[in-house]
Amino acid sequence: MILIQFTGLSGSGKTTLAENVRHLLIENGYQVEIIDGDVYRKTICKDLGFSKEDRCENVRRLFNLGLNFISENTIVLMSVINPYENLRNELRSYEFVRTVFLDCSIKNLIKRDPKGLYKKALLPDHDSNKIKNFTGISDVFEVPPKADLVLNTDCETVPFSTDKLYNFIITNLS
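Cut-offs applied
- Residues numbered from 1 in each chain as written.
- Predicted model: local features only at pLDDT ≥ 70, side-chain atom pairs only at ≥ 80, totals over all residues.
- Heavy atoms only, no water.
- Salt bridge = Lys/Arg side-chain N within 4 Å of Asp/Glu carboxyl O.
- Helix = DSSP H or I, 4+ residues; strand = E, 2+ residues; numbered from the N terminus.
- Buried < 20%, exposed > 50% of the residue type's maximum accessible area, 1.4 Å probe, protein only.
- Pairing = 2+ DSSP bridges.
- Axes fitted to C-alpha atoms, helices over the stretch in contact; angles between N-to-C directions.
- Contact = heavy atoms within 4.5 Å.
- Polar contact = N/O pair within 3.5 Å; in protein donor to acceptor, adjacent residues only side chain to side chain.
- Core = buried A, V, L, I, M, F, W, Y, C linked by side-chain atoms within 4.5 Å.
- Expected span 1.5 Å × (residues − 1).
- Arc of directions from axis to C-beta.
- Parallel < 35°, antiparallel > 145°, perpendicular 65-115°, else oblique.
- Left-handed = near helix turned anticlockwise from the far one by under 90°.
- Nonpolar A, V, L, I, M, F, W, Y, C, P; charged D, E, K, R; others polar.

Draft legend 1. Broad picture of the pattern of salt bridges. Overall, the coordinates contain nine salt bridges when judged by the stated rule. The salt bridge partner of Lys-115 is Asp-38, with a shortest N-O separation of 2.5 Å. Of this pair, Lys-115 sits in the loop between helix H5 (106-112) and helix H6 (117-121) while Asp-38 sits in helix H2 (residues 37-40), placing them 77 residues apart in sequence. On the accessibility criterion, Asp-38 (39% relative accessible area) is partly exposed.

Below, the structure written as structure tokens:
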């Protein structure tokens, strides 16, 4: 089986592509689960904040959940920002883990801003609505130097990126 650890800034398309690929995989007879960081922040990770330590713990908890699905011969799509290369490498030490980087410029992400998060992250420091420690704006995002697949969601259409990701997963199934 395979576990895809997505990495990319908020709004780059992680959840959209995970959902699209999930449908394609199910249509073709595969078992697949999405582990979405936004969803699990409300349950098993609700006690965590956004410090580096908490972000790493968040990813590790999600990965451990993914291990349960892998043991059941299920493809896992782990949709989470996952901003630190050391942590991505820690997960990559498992032979069934692949890293998929969704590359999209800050300029386009600010334009898209589907959840209104960039707008809040860019507010003046004195504004009580400002999001602090926002990855890519006021907190670090380490671009992966050796992702297994890069999807340029700046310029690729959603169907094109979906097909590219689907073919990558099928090719890498163990």
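Draft legend 2. Local environment of unusual backbone geometry. Here the phi dihedral of Asp-113 falls at roughly 30 degrees; this positive angle occurs in a residue that is not glycine. Relative to the helices and strands, Asp-113 resides in the loop between H5 and H6.

Draft legend 3. Summary view of the sheet that holds strand S4 (residues 97-103). Reading across from one edge, S2-S3-S1-S4-S5 is the order of the five strands in this open sheet, with parallel pairing throughout. In this open sheet, the two strands that pair with only one neighbour each are strand S2 (32-36) and strand S5 (149-152). The sheet shows a mean angle of 20 degrees between the axes of neighbouring strands, taken without regard to direction. Bridging between strand S1 (residues 3-7) and strand S3 (residues 75-79) involves three bridges; their strand directions are parallel. Among the inter-strand pairings, Leu-3 is bridged to a residue of S3, identified as Val-76. Strand contacts of helix H3 (residues 52-70): S1, S2, S3 and S4, with the helix running at about 165 degrees to S3, the strand carrying the most contacts.

Draft legend 4. Representation of the environment of Arg-88. For Arg-88, the location among the structural elements is in helix H4 (residues 85-92). The class of Arg-88 is buried, set by a relative accessible area of 0%. As for Arg-88 and Arg-98, which are separated by 10 residues in sequence, their C-alpha atoms are 9.5 Å apart. Those residues in contact with Arg-88, other than ones at most four positions away along the chain, are Gln-5, Thr-7, Asn-82, Pro-83, Thr-99, Phe-141, Glu-142, Val-143 and Pro-144. Of the polar contacts made by the side chain of Arg-88, one reaches the backbone oxygen of Asn-82; its length is 2.6 Å.

Draft legend 5. Up close: the nonpolar core. Of all hydrophobic cores here, the largest spans 20 residues; its most connected members are Leu-3, Ile-35, Leu-62, Phe-63 and Met-78. Every element with two or more residues in this core is listed here: H3, S3 and H4. For this core, the leading source of residues is H3, giving seven residues. Ignoring any residue separated from it by four or fewer positions in sequence, one finds Ile-35 in contact with Tyr-40, Leu-62, Leu-65, Gly-66, Phe-69, Val-76, Leu-77, Met-78 and Ser-79.

Draft legend 6. Spotlight on helix H7 (residues 158-172). With 15 residues, H7 should reach 21 Å at 1.5 Å per residue; the first-to-last C-alpha distance of 21 Å fits that figure. Of all the residues in H7, the buried ones are Ser-161, Thr-162, Leu-165, Tyr-166, Phe-168, Ile-169 and Asn-172. Along the axis of H7, the buried residues cluster in a sector spanning 160 degrees; they form a single face. Away from its buried face by more than 90 degrees, H7 exposes Pro-159 and Thr-171. Of the surrounding elements, those touching the buried residues of H7 are S1, helix H1 (14-27), S3, S4 and S5.

Draft legend 7. Molecular detail of the packing of H3 against H4. Close contact between H3 and H4 brings their axes to 11 Å; oriented N to C, the two are set at 20 degrees. Classified by the interaxial angle, the pair formed by H3 and H4 is roughly parallel. Between H3 and H4 the crossing geometry is right-handed. Contact with H3, carried on its side by Cys-56, Val-59, Arg-60 and Phe-63, involves Leu-87, Glu-90 and Leu-91 of H4 and no other residues of that element. Each residue belonging to the contact of H3 with H4 can be placed in one class, and the counts come to five nonpolar, no polar and two charged.

None of this, on its own, says anything about what the molecule does.
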